[in-house]
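# Structural description and commentary
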Amino acid sequence: MSDAISQPDTNSNNGQTIRPDEAAHFGRLASEWWDPKGSSAMLHRLNPVRLEFVRAAIDRHWPAQSNSAKPLAGKAALDVGCGAGLLCEPLSRLGADVTGVDAAPENIAAAATHAEGMGLPVRYIAGEVGTLDIGTFDLVTAMEVIEHVADKPAFVAALAARLAPVSDQGGGLMILSTPNRTPASRLLLIGAAEATGMIPRGTHHWDDFITPDEMRDLLADAGLTMGEPQGIAFSPAKGLHLSGDLSLNYIVSAVRE
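Thresholds applied
Residues numbered from 1 in each chain as written. Predicted model: local features only at pLDDT ≥ 70, side-chain atom pairs only at ≥ 80, totals over all residues. Heavy atoms only, no water. Salt bridge = Lys/Arg side-chain N within 4 Å of Asp/Glu carboxyl O. Helix = DSSP H or I, 4+ residues; strand = E, 2+ residues; numbered from the N terminus. Buried < 20%, exposed > 50% of the residue type's maximum accessible area, 1.4 Å probe, protein only. Expected span 1.5 Å × (residues − 1). Bend = angle between axes of the 7 residues up to and from the residue. Contact = heavy atoms within 4.5 Å. UniProt positions renumbered as here; feature names shortened; annotations may be inferred. Pairing = 2+ DSSP bridges. Right-handed = clockwise from strand over helix to strand, strands pointing away. Polar contact = N/O pair within 3.5 Å; in protein donor to acceptor, adjacent residues only side chain to side chain. Phe/Tyr/Trp six-rings, centres within 6.5 Å; stacked < 30°, edge-to-face > 60°. Lys NZ or Arg CZ within 6 Å of the ring centre and 35° of its normal. pLDDT = per-residue confidence, 0-100. Core = buried A, V, L, I, M, F, W, Y, C linked by side-chain atoms within 4.5 Å. Arc of directions from axis to C-beta.

Inspection of every chain in the model, using the stated rule, returns four salt bridges. One salt bridge in this structure joins glutamate 89 and arginine 93, with 3.9 Å as the shortest N-O distance. Of this pair, glutamate 89 and arginine 93 are both found in helix 3 (residues 88–93), four residues apart, which corresponds to roughly one turn of the helix. Of the residues examined, arginine 93 reaches a relative accessible area of 40% and is grouped as partly exposed. Taking the shortest distance from any N to any O, the salt bridge between lysine 152 and aspartate 208 comes out at 3.4 Å. Taken as a pair, lysine 152 in helix 5 (residues 152–161) and aspartate 208 in the loop between helix 6 (183–195) and helix 7 (212–221) lie far apart in primary sequence, 56 residues in all. What makes lysine 152 buried here is its relative accessible area of 15%.

To continue, consider unusual backbone geometry. Phi is positive for glutamate 144, which is not a glycine, with a value near 55°. Mapped onto the elements of the fold, glutamate 144 is located in the loop between strand 5 (139–143) and helix 5.

With that settled, the discussion passes to helix 2 (residues 41–61). Counted at 1.5 Å a residue, the expected span for helix 2 with its 21 residues is 30 Å, and the 31 Å between its end C-alpha atoms agrees. Considering bend angle alone, the principal kink of helix 2 is centred on asparagine 47 and spans about 30°; proline proline 48 follows within four residues of it. What helix 2 keeps buried is the set Ala41, Met42, Leu46, Asn47, Val49, Arg50, Phe53, Val54, Ala57, Ile58, Asp59 and His61. Contact partners of the buried residues in helix 2: helix 3, strand 5, strand 6 (173–179), strand 8 (230–235), strand 9 (239–243) and strand 10 (249–256).

Here the focus is the UniProt feature "binding site: S-adenosyl-L-methionine" (unreviewed entry) in the chain. When the UniProt feature table is mapped onto this chain, "binding site: S-adenosyl-L-methionine" (unreviewed entry) is found at Arg50, Gly81, Asp102 and Met143. Tracing the backbone through its elements, the reader meets arginine 50 in helix 2. Take arginine 50: its relative accessible area is 5%, and that puts it in the buried class. Beyond its immediate sequence surroundings of up to four residues, arginine 50 is in contact with Leu43, Met143, Glu144, Ser177, Ile232 and Ile251. Structurally, methionine 143 can be placed in strand 5. Note on methionine 143: relative accessible area 6%, which makes it buried. Ignoring anything within four residues of it in the chain, the contact list for methionine 143 reads Arg50, Val54, Val80, Leu87, Ile175, Leu176, Ser177 and Ile251.

Two strands pair when backbone bridges link them, and strand 3 (residues 97–102) and strand 4 (residues 123–126) are joined in this way by four bridges, in the parallel orientation. Along strand 4, the bridge assignment pairs valine 101 with isoleucine 125. Remark: the strand 3/helix 4 (residues 105–118)/strand 4 crossover connection has right-handed handedness.

Looking at the secondary structure, you find aspartate 59 in helix 2. Among the polar contacts made by the side chain of aspartate 59, one reaches the side chain of arginine 55 at a distance of 2.9 Å. With residues near it in sequence (within four places) discarded, aspartate 59 still touches Gln65, Ser66 and Pro71.

Across all of its chains, the model carries zero aromatic pairs by this definition. A cation over an aromatic ring shows up here: arginine 186 above the ring of tryptophan 206, its NZ or CZ 3.8 Å from the ring centre.

The subject of this paragraph is the environment of glycine 127. Note that glycine 127 resides in the loop between strand 4 and strand 5. Placed 24 residues apart in sequence, glycine 127 and alanine 103 show a C-alpha to C-alpha distance of 5.0 Å.

The next subject is the confidence of the model for the chain. Taken residue by residue, the chain gives an average pLDDT of 85. The fraction at 70 or more is 81%. Contacts of residues 1–15 to residues separated by more than four positions or lying in other chains number 27 contacts, the stretch itself having pLDDT below 50.

It is worth spelling out the nonpolar core at this point. Membership of the largest hydrophobic core comes to 33 residues, with the highest contact counts inside it found for Ile58, Leu72, Leu91, Tyr124, Leu139 and Ile175. Mapped onto this core, the elements with two or more residues apiece are helix 2, helix 3, helix 4, strand 4, strand 5 and strand 6. It is helix 2 that provides the largest number of residues to this core, a total of six residues. Once you skip the residues sitting within four places of it in the chain, leucine 91 turns out to touch Val54, Leu72, Ala77, Ala96, Val98, Leu139 and Thr141.

This part is about helix 7. Within helix 7, the full set of buried residues consists of Pro212, Met215, Leu218 and Leu219. For helix 7, the arc enclosing every buried residue in end-on projection is 120°, short of the 170-degree limit, so these residues lie on one face. Exposed residues lying more than 90 degrees from the buried face of helix 7 are Asp213 and Asp221. In this structure, the buried side of helix 7 is in contact with helix 5, strand 6, strand 7 (224–226) and strand 10. Looking one or two residues past helix 7, glycine 223 carries a phi angle of roughly 85°, positive in sign.

What follows is the structure, given as structure tokens:
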């Protein structure tokens, strides 16, 4: 099955959270998403750490499949703000029927081309998740996305609306990651990382970062209960790794109350 690229319904403005300047910024980087030494090099280092958390969360939520190489077989997954598919492709390999949504058409084109080359049946859609009629999903992810949207409560509500209802199989699972708003993140993620070129300039705006308590409240307002967050920290010995230190970046799971 080849990858499908769909365009959004441009007649609807309901649930608008996309910032055009943010979409344009990431769209300009589309050609380098899959270059581990290019402008997305940090994402390539970050992705295995996020996947470690994702796999553990999947195994807790659906323990019957925890010993399987494809624990998401028979399940549908949605990755919002998918970029060029760095998370979509591993989710597909875990057995999921994957849909990726991104604000930048350039990213969607790069994602579809790469997935097709890998022989992975990922569906990609360019647009605003709140306006798309795409049904519900067992797994919904949004990695390093919420800090870039215009209306964070509306964005979380749109994600929650795509999450499968509670059922005998446990219902849907949501996973999000984002930078924390701390002095350390201002110094390192914006000051040092952008100054040295580890992250492209203009990628982050510190005032848009969200603390874990704020994330918990946003999720609660959308009818979701947040699990215990894990930090994504850095040390010279371990590199990027899951940690109890939430000062730079963290990742959380959430389920319906």
